[in-house]
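Spelled out, the chains give:
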Amino acid sequence: MNFLPINIRISDAKILIIGGGKVATHKATILSRFTDMATVIAPEVSDGIKALPFHWEERPFSVTDLEGVTLLFVCTGDHQLNHQIHQVARQRGILTSVCDSPDECDFTSPAIYRNGDLTISVASDSKDVKRSIRVRDSIKELIEHDSIQID
């Protein structure tokens, strides 16, 4: 296993998502279940992102955007740009998830089930994401149909 399953306090974190397409929208949608404090930067931002409670800017990424960032999701459609952003973020000690390259990730996003204060995450080191989702969905089914009591 390459990743340690942990929970990170994000209440005071400066979270940045670089990219505005399908993958960025997916990551932003998941993130919006936990915070309304994130910024999205991309030359074009999807309507799905615009509907979320985040600040967004339609413009190209600039290295100065990384100032003060705690948690970074790099989700552009340009693999080379993603790699370059990751390199700069690494030099600055910013925890980064490069959405098209698990080998460059400092963290990954697990399949998450949340019910009130209970959060269950299932991960596979980004090796079998579909299996993680199936397991998460099975857990959700058990909890929501009273097969497992969470009180």
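The following paragraphs examine the structure supplied in this document. (Residues numbered from 1 in each chain as written. Predicted model: local features only at pLDDT ≥ 70, side-chain atom pairs only at ≥ 80, totals over all residues. Heavy atoms only, no water.)

**Here we look at the overall build of the protein chain**
Regarding its fold elements, the protein chain presents 4 helices and 7 strands. Helices and strands in the protein chain line up, N terminus first, as β-α-β-α-β-β-α-β-β-β-α. Taken over C-alpha atoms, the radius of gyration comes to 16 Å for the protein chain, in line with the 15 Å a tight globule of 151 residues would show. Its C-alpha atoms put the protein chain at 50 × 35 × 25 Å along the principal axes. The burial tally for the protein chain puts 36% of its 151 residues in the buried class. (Helix = DSSP H or I, 4+ residues; strand = E, 2+ residues; numbered from the N terminus. Rg over C-alpha atoms; globule rule 2.2 N^0.38 Å. Buried < 20%, exposed > 50% of the residue type's maximum accessible area, 1.4 Å probe, protein only.)

**Thoughts on the sheet that holds strand β3 (residues 55-58)**
With parallel pairing, the 5 strands of this open sheet are ordered in space as β3-β2-β1-β4-β5. This sheet does not close on itself; its edge strands, each paired only once, are β3 and β5 (95-98). In this sheet, neighbouring strand axes are inclined to one another by 15° on average, regardless of whether the strands run parallel or antiparallel. Its contacts with the sheet place helix α1 (residues 22-31) against β1 (15-18) and β4 (71-74), and it is angled at close to 160° to β1. (Pairing = 2+ DSSP bridges. Axes fitted to C-alpha atoms, helices over the stretch in contact; angles between N-to-C directions. Contact = heavy atoms within 4.5 Å.)

**Structural notes on the pattern of salt bridges**
Going through the model one piece at a time under the given rule, you end up with 5 salt bridges. A salt bridge links Arg59 to Glu57, with the nearest nitrogen and oxygen atoms 2.6 Å apart. Residue classification places Glu57 among the partly exposed residues on the basis of a relative accessible area of 27%. Across the pair Asp106 and Arg90 runs a salt bridge whose closest N-O atoms are separated by 3.9 Å. (Salt bridge = Lys/Arg side-chain N within 4 Å of Asp/Glu carboxyl O.)

**Quick notes on the pairing of β5**
Here 4 bridges tie β4 to β5, and the two strands are oriented parallel to one another. In the strand pairing of β5, Phe73 is matched with Ser97. Regarding topology, helix α3 (residues 79-91) serves as the crossover connection from β4 to the parallel β5, and that connection is right-handed. (Right-handed = clockwise from strand over helix to strand, strands pointing away.)

**Points about the environment of Asp103**
With respect to the helices, strands and loops of the structure, Asp103 is situated in the loop between β5 and β6 (111-115). By relative accessible area, Asp103 is classed as exposed at 80%. Once the C-alpha coordinates of Asp103 and Asp125 are considered, the two residues, 22 residues apart in sequence, prove to be 9.7 Å apart.

**A short note on helix α4 (residues 129-144)**
For α4, spanning 16 residues, the distance from its first C-alpha to its last is 22 Å, which sits close to the expected 22 Å at 1.5 Å a residue. Contact partners of the buried residues in α4: β6 and β7 (118-122). (Expected span 1.5 Å × (residues − 1).)

**Here we look at the layout of surface pockets**
By volume, the largest pocket is sized at about 1000 Å³. Forming the boundary of the largest pocket are 29 residues, of which Ile6, Asn7, Ile8, Thr108 and Pro110 lie nearest the centre. Counting only elements with at least two residues in the lining of the largest pocket, the list comes to α1, β4, β6 and β7. Grouping the amino acids of the lining of the largest pocket by side-chain chemistry returns 18 nonpolar, 6 polar and 5 charged. Approximately 500 Å³ is the volume attributed to the second largest pocket. (1 Å grid on protein atoms, 1.4 Å probe; cavity = no way out; pocket = protein on both sides within 12 Å on 5 of 7 lines; lining within 4 Å. Points joined across faces, edges and corners; volume = space filled by probe spheres on them. Nonpolar A, V, L, I, M, F, W, Y, C, P; charged D, E, K, R; others polar.)

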